[in-house]
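The chain contents come next:
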Amino acid sequence: MPEVNTEKIFASFLLSVEQVTSIDEFNDLEKEYLGKNSLISEERKKLSSMSEISRKKYGKVLQELSTQISERLNQERLSFQSKFFKEKELNDNKDITINWYKDLGSREHVLTSVMNEVVDIFSAIGYTVATGPEAETSWHNFDALNTPDWHPARYESDTLYLDKNLEQLLRTQTSTVQVRHMQNNKPPVYIVAPGRVYRSDQLDATHSPVFHQIEGLAVDENLTFSDLKGTLEYFVQEFFGKGIKTKFIPHFFPFTEPSAEVLVSWKDGEWLEILGCGMVDPNVFQHVGYDKNSQGFAFGVGVERLAMIRYKIDHIKNFYENDLRFLRQF
Amino acid sequence: MKVLKSWLNDWIDISEISNEDISEGLESLGFEIEEQSDLKPNYSNIVVGKVLEIYPHPNADKVRVTKTDVGSKTYEIVCGAWNFDVGAVVPVALPNSEIKDGFKIDKRDIRGVESNGMICSASELNLWDDHEGILILDDNILPGTDFSSIYASSDYLWDIGITPNRGDCMSYLGIARELSNYFDKKINIKKSKLNPSITNILNTNSGKIKECNSYGSVEIENFKVTDSSFLIRYRLSNVGTRIINNVVDITNYILYDVGQPLHAFDRDKLFNTVSVRKAKNNEIVTTLDSQKRKLTNDDLVITDGDKPIALAGVMGGLETEVTDSTVNLLIESAYFDKVSIMKTSRKLGLISDASIRFERGIDFNIQKYGLEQFLMILKDSQDIKYSELSIDTKNNIKNEKINLKKNEIKKLLGIELKDSFIKKTLKNLMIDVEIKNDNIEFTAPSWRYDLDRPVDLIEEFAKHYGFNNFSSNLPQGLYKNEKGNFWKVKEYLSKILISNNFQEIQTLSFVNKEMNTVFNPEKKYVTVFNAIDKSNNYLRSNLMSNLLDTYIFNLQQNNILNSYFEINTVFNSSVDNTFNDVPNQNVVLGFITSANLTTQDIRKSDQNIDIYYVKSLINQLINDTQLEPIIKPGFHQNYSFSIFKKNEIIGHFGQLSTELQNNFEIENEVFLGEIYVNKLNLNELKQINYKPLSQYPYIKFDLSFSVPVEFSAHLIVDEINKLLSKNENEIEIFDDFQHENSRNLGIRIVTRSYEKTYDDNETRQILMKISDSLEAKFKITLNSGNND
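Residues numbered from 1 in each chain as written. Chains lettered and ligands numbered in written order. Predicted model: local features only at pLDDT ≥ 70, side-chain atom pairs only at ≥ 80, totals over all residues. Heavy atoms only, no water.

**Q** Describe the packing of aromatic side chains, listing the residues and the values that go with them.
**A** Residue and element names in this part refer to chain A. Under the definition given, this model contains 40 aromatic pairs over all chains. With 5.4 Å between their ring centres and 85° between their planes, Tyr127 and Tyr190 make a pair best called edge-to-face. Of the two residues, Tyr127 is situated in the loop between α5 (110–123) and β1 (128–129) and Tyr190 in strand β4 (residues 189–198); the sequence distance between them amounts to 63 residues. Taking 4.9 Å as the distance between ring centres and 65° as the angle between the ring planes, the aromatic pair formed by Phe326 and Phe330 counts as edge-to-face. (Phe/Tyr/Trp six-rings, centres within 6.5 Å; stacked < 30°, edge-to-face > 60°. Helix = DSSP H or I, 4+ residues; strand = E, 2+ residues; numbered from the N terminus.)

Written out as structure tokens, the structure is:
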């Protein structure tokens, strides 16, 4: 009985495999050696006309060959494929030192991100955001904050007014929000009030007619100077980093007593002022209709100052010119 | 104020205390240290010389030749100054020495005469500005003495800030008082011993007005205008005061030393009673600087009879000024009302060392001491005669007794203070006090204006206890991480814009009129009454003008970006919605974008920015909005829309009018919009209406309708959604083709049933139902040849 030479077939298969140049050719090979019209299939058809012993024997031979080819084929296919993709990747070698996609902006303004950061720091300890008008009454900006009517801050050289009777003005401090908020809310109060404030200054390297502050106010039972201190130490560490040192030095503000300025030790060992604070003056509580025994503390941070210290920004003017060369750096 | 260590040492012994410790003390007491410096002589090899001979220079008229004894030798030195004579004791820069700014002095030939060094002026040694010529030293200093040894040549200088509530610290005495508690050292109050030998020829009094509480004076005869002592000139020049002559220098010196401003009149120019009154309206007085000052009834004047001779507390008058020929003086030492002096000095723009002290409040009990100290210094250097002091006081000012309960200290500060600390602090600060059980009854001393409530004394304790010695505690509010709707909406909207490549900007709130009128011609504007820049005296009524400015500005800077936004307040003069006492103010989000800017890159974004893009951006920012066309100044006739949410207008957007685009010389179409942040609610913005997913396969077909040119495509979309309302649908316009008067709209419908898989027949029925309904409802025609 004629039998195919399995070794020869397998050898011929191996020869074909070696010549494969693309992944599709494995399918062709599969068809050629294992498909309907392959030699193995043809031989299988003959099995039915064989004696049982021959059939079993020859069937087994064919099966072994078929398995051998099939396994080898898969093995070769996988290795070809893996080699093929590796090579494909190696050939795809762009020079990524080119910035094809230019930096296209899409950022918060640096003042906004500093404000957001400060708000987040305080909201984590239970402070909510309060707002108030930027065009204010002189009463809210000065009188309610215990600033006497002869105080220099009220001069037209310092404050921008909206009318000749000097009854309305552009707020010079976000402390006005304290007053508005307490007029409408009972204690306990824990608020931060970020926003714009205005002074009569020309825009130059160190001055701006518009700048930003974040006011903080806490009024609650038994709040003391120690609480004020702990709160601002927490803020400084969150904003500037855990290692930074702070010190409190006495200062004067009409609307707090005792009043202090907070300084932080900056990288070169220099002490920099970053905020003013104090225990809310009893006169302020009286003006907003709070009980005279109320107790609490307030603080105000300059947003531009925080940004300038942190990023070593030299000109306050940069914040308001909106030159993308500046804005894109943050 | 500038504080010289050697001067401060007159009042409190700090010679053994390090400069660092003093700095720390000053700061912890609330004196902010603005600058500090180690003073070292700015010269070397300068000795004292005595001029023995002076003779003319053979070849030059403007200089003289001297023979000067410098101790070891006698040198021939050429000198160009003429303010000295034979016998003068002067500083000499020897050959191989150095004067101010590192300038080297050596032997030098001056027109044929060899000059062995230089005779120096005060300014050449960096001591003070002096245009009189050579610095003349005391006759009794021996030639050859090292110049740096004759006064405190090395010293320390602090420039400290004094808060406006502490006028009492604007003197060496005042600072010493504060430090005396800090270092627990006694103050040396300078004693005075006087022998008046003449009688007053003038009467002086404090007038009838309450604004002058005390008027003190003394008359001096046999006086001569000359230089003040070396020590006084050294000290004054270091605190930044101009050196003038003995009388002016000594009055300035007393002002710094004890805090009492003094004024000197030439007594021989006064004829009547010297008193104080309010000026008459339009009354004129000529001040020392030769300016004619027109006064009002708010100003205080010193009068000779009825004639005004000085602006009280602010500046003396020209007519009664002390001059080189003055021989008799009247020295004034007064207490004027704080507010009155402040108003006059600010109004006239005359802010002096004296006026600042008066306006912050000087010691109301120190007028006599100021005059005594003046006489003590003057009589040491000149053989003067002087009268009894005349002090007319109304005793109007009195510090009241105030009670502080001890438990209030702990309540406010959170710390327990020991009785011993309380007692020691009060004693050192010279605060009169009576402590009974839990009550502290105190009276502020005559120099303190900041101690009239219990809380003022608590502050004093806190300060002297040391702020940095307090413990720290962190109280927390109830609502953590609850920033509130406004802030969250702001964050939400800006996050979306940033992810769409918009850059946030912050522009100034002041604009010129045109920047308001271009977009809001109808609005009543808010103006700044005392604007810094008169051309930008408007508060902005919109953010769009600033956005356009920034857009154009950056293009001019070659900064290529087409999308910006800003969130800030805009103003108009109607009454505010929330606060009825201020102008209307709204926080607005303004944005600008434009068709893509060409760049030189070979790769470009495939996103085309047009009105459709902006519309979809609005949808991304705010869900469930409706648009309605609106004619708006500055905007395109057709492409301008109001944005509604729940029937409330919450903003608008559109394309910049092509005319403005042309006027601004902008190449691309520009789109602008504003969203009223206050009207948005974060919960609504984030509201999600979940629709379950259908489990059945989709059917999809494209339809093309022939529609009128002015037809609104969304009508079809809405109608199909209505027809298929029980299904899960995606319906979109995929084509809009116009040619002359014909227009074809292509609509793609993808729909899934929630109940079953549609068979061919059902699909056909759905298709028929849609096309028939649309044709009937909108009188439009289904184009043949379209199908799935």
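Alright, that's what it looks like, and here's the rest.
**Q** Tell me about the sheet that holds strand β6 (residues 246–253) of chain A, residues and numbers included.
**A** Residues and elements named next belong to chain A. As summarised here, the arrangement of the 7 strands in space is β1-β4-β5-β9-β8-β7-β6, forming an open sheet in which the pairing is mixed. Strands with a single pairing partner mark the edges of an open sheet, and in this sheet they are β1 and β6. Inspection of the sheet shows β6 paired to strand β7 (residues 256–265) by 7 bridges, in the antiparallel sense. Paired with Thr246 across the strands is Val264, a residue of β7. Across the sheet, α5 lies against β1, β4, β5 (210–219) and β9 (296–302), angled at about 165° from β4, the strand it touches most. Packed on one face of the sheet, helix α10 (residues 303–311) meets β5, β8 (271–280) and β9 and runs near 150° to β8. (Pairing = 2+ DSSP bridges. Contact = heavy atoms within 4.5 Å. Axes fitted to C-alpha atoms, helices over the stretch in contact; angles between N-to-C directions.)

**Q** Describe in detail the interface of chain B and chain A, supporting the description with residues and values.
**A** The partner chain A presents 96 residues to the 83 residues of chain B that form the contact. Note on chain B versus chain A: buried area summed over both sides is about 7,700 Å², and carbon and sulfur give 57% of it. Looking only at chain B, the three residues that lose the most surface to chain A are Phe467(B), Gln506(B) and Ile532(B), adding up to 9% of its buried area. Our enumeration of links across chain B and chain A arrives at 6 salt bridges. Salt-bridge contacts for Lys483(B) lead to Asp120(A); the nearest nitrogen and oxygen are separated by 2.7 Å. Tallied by class, residues from the side of chain B that touches chain A come to 36 nonpolar, 27 polar and 20 charged. (Buried area = accessible area lost by both parts, 1.4 Å probe. Salt bridge = Lys/Arg side-chain N within 4 Å of Asp/Glu carboxyl O. Nonpolar A, V, L, I, M, F, W, Y, C, P; charged D, E, K, R; others polar.)

**Q** Break down the packing of helix α3 (residues 39–46) of chain A against helix α4 (residues 52–91) of chain A for me, citing the residues and quoting the values.
**A** All names here are of chain A. The interhelical angle for the contact between α3 and α4, taken along N-to-C directions, is 160°, at an axis separation of 10 Å. Put simply, α3 runs roughly antiparallel to α4. Judged by the twist between their axes, the crossing of α3 over α4 is left-handed. Packed against α3, whose contacting residues are Ile40, Glu43 and Arg44, the element α4 presents Tyr58, Leu62, Gln63, Leu65, Ser66 and Ile69 at the interface. A per-class count over the contact of α3 with α4 returns 5 nonpolar, 2 polar and 2 charged. (Parallel < 35°, antiparallel > 145°, perpendicular 65-115°, else oblique. Left-handed = near helix turned anticlockwise from the far one by under 90°.)

Functional significance is not addressed by these values, which are geometric in nature.
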